[in-house]
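# Structure assessment
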Amino acid sequence: RNILHLERGQVFGIEDKSFFVMGGAYSPDRAMRREGISWWREELPDAQAYSEAWRNLDAVGNSVDYIVTHTAPAAVVRAFACVSPDPDAPGAELGGFLDDVMRRVRFRRWYFGHWHTDREVRGRFRALWYDVEDIE
C-alpha cells in the first residue's frame, strides 16, 4: 500500500492498528517565507478541523493505538524543549487542542516531528526527526 496523505483529524486503520493524525503547526520563520510558495495560511487547523477530529475520536471511543501529529501537546513541548512557558504563542490553540487529546484519548504512543529532534519525552511521546521506530 502507498499512503500519500493522511488528512487532519482522521482516524485510520492500518494493519490492525488505529492511528489518529493531526497535522499543523505554527511556522516561527514565516516572515522569511513567501505565502503560497513556502508558507500557507492553512498551516494551523481551523474550527471545522477540530470539530471533525473530535467527531472521529468519539466514533472510536476516544481510543487509538497511535497518535501522529506535526507538533506536540503544549505540555509535552514545555517538558522537553528549552523554550518559554508558551513556546508557540500563535499556535496556542492547536497546542491546547492537543493537550485535550492527550487527557481524553487513550493511546499507546504519540509521535511528532515539528521540533526537529529525535527524543523520547515522558515515556509515551516520541519526537522523530531522523530516527525510524518500529511499531510492531
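Residues numbered from 1 in each chain as written. Predicted model: local features only at pLDDT ≥ 70, side-chain atom pairs only at ≥ 80, totals over all residues. Heavy atoms only, no water.

### Observations regarding the packing of helix α1 (residues 47-59) against helix α3 (residues 92-104)
Where α1 meets α3, the axes come as close as 12 Å, and the angle between the chain directions of the two elements is 10°. As judged from the angle between their axes, α1 and α3 are roughly parallel. Seen from α1, the contacting residues are Tyr50, Ala53, Trp54, Leu57 and Asp58; seen from α3, they are Glu93, Leu94, Phe97, Asp100, Val101 and Arg104. Per-class residue counts for the contact of α1 with α3 are seven nonpolar, no polar and four charged. (Axes fitted to C-alpha atoms, helices over the stretch in contact; angles between N-to-C directions. Helix = DSSP H or I, 4+ residues; strand = E, 2+ residues; numbered from the N terminus. Parallel < 35°, antiparallel > 145°, perpendicular 65-115°, else oblique. Contact = heavy atoms within 4.5 Å. Nonpolar A, V, L, I, M, F, W, Y, C, P; charged D, E, K, R; others polar.)

### A few points about the pairing of strand β1 (residues 10-14)
The sheet contact formed by β1 and strand β2 (residues 17-22) spans five bridges and is antiparallel. By the bridge assignment, valine 11 is partnered in β2 with phenylalanine 20. Connecting β1 to the next strand, β2, in antiparallel fashion are two residues, including glutamate 15 with a positive phi near 50°. (Pairing = 2+ DSSP bridges.)

### Regarding unusual backbone geometry
Among all residues save glycine, negative phi is the norm, and among peptide bonds the norm is trans. In this structure, aspartate 16 takes a positive phi of about 65° despite not being glycine. Considering the arrangement of structural elements, one finds aspartate 16 in the loop between β1 and β2. Although it is not a glycine, histidine 116 adopts a positive phi angle of roughly 50°. By the element assignment, histidine 116 lies in the loop between β4 (109-112) and β5 (119-121).

### Here's the deal with the sheet that holds β2
Reading across the sheet, the six strands line up as β1-β2-β3-β4-β6-β5 and stay open at both edges, with mixed pairing between neighbours. The open sheet has two free edges, formed respectively by β1 and β5, since each of these has just one partner strand. Across this sheet, the average inter-strand angle for adjacent strands is 25°, counted without regard to direction. Against the sheet, α1 makes contact with β1 and β2, and its axis sits at roughly 165° relative to β2, the strand it touches most. Of the strands in this sheet, β2, β3 (66-69), β4 and β6 (125-127) are in contact with α3, which crosses β2 at around 160°.

### With respect to the nonpolar core
If you look at the biggest cluster of nonpolar residues, it comprises 26 residues, and the most contacted ones within it are Phe20, Phe97, Val101, Trp110 and Phe112. Elements represented by at least two residues in this core include exactly β2, α1, α2 (74-80), α3, β4 and β6. Setting aside residues up to four positions removed in sequence, phenylalanine 20 forms contacts with Gly9, Gln10, Val11, Ala53, Leu57, Val64, Tyr66, Ile67, Val68, Phe97 and Val101. (Core = buried A, V, L, I, M, F, W, Y, C linked by side-chain atoms within 4.5 Å. Buried < 20%, exposed > 50% of the residue type's maximum accessible area, 1.4 Å probe, protein only.)

### What about the pattern of salt bridges?
Inspection of every chain in the model, using the stated rule, returns seven salt bridges. Measuring nitrogen to oxygen at the nearest pair gives 2.8 Å for the salt bridge that ties arginine 41 to glutamate 35. With relative accessibility at 59%, the residue arginine 41 sits in the exposed group. The partner of aspartate 65 in a salt bridge is arginine 108, with the nearest N and O atoms 3.5 Å apart. Of this pair, aspartate 65 sits in the loop between α1 and β3 while arginine 108 sits in the loop between α3 and β4, placing them 43 residues apart in sequence. By relative accessible area, which is 16% here, aspartate 65 ends up buried. (Salt bridge = Lys/Arg side-chain N within 4 Å of Asp/Glu carboxyl O.)

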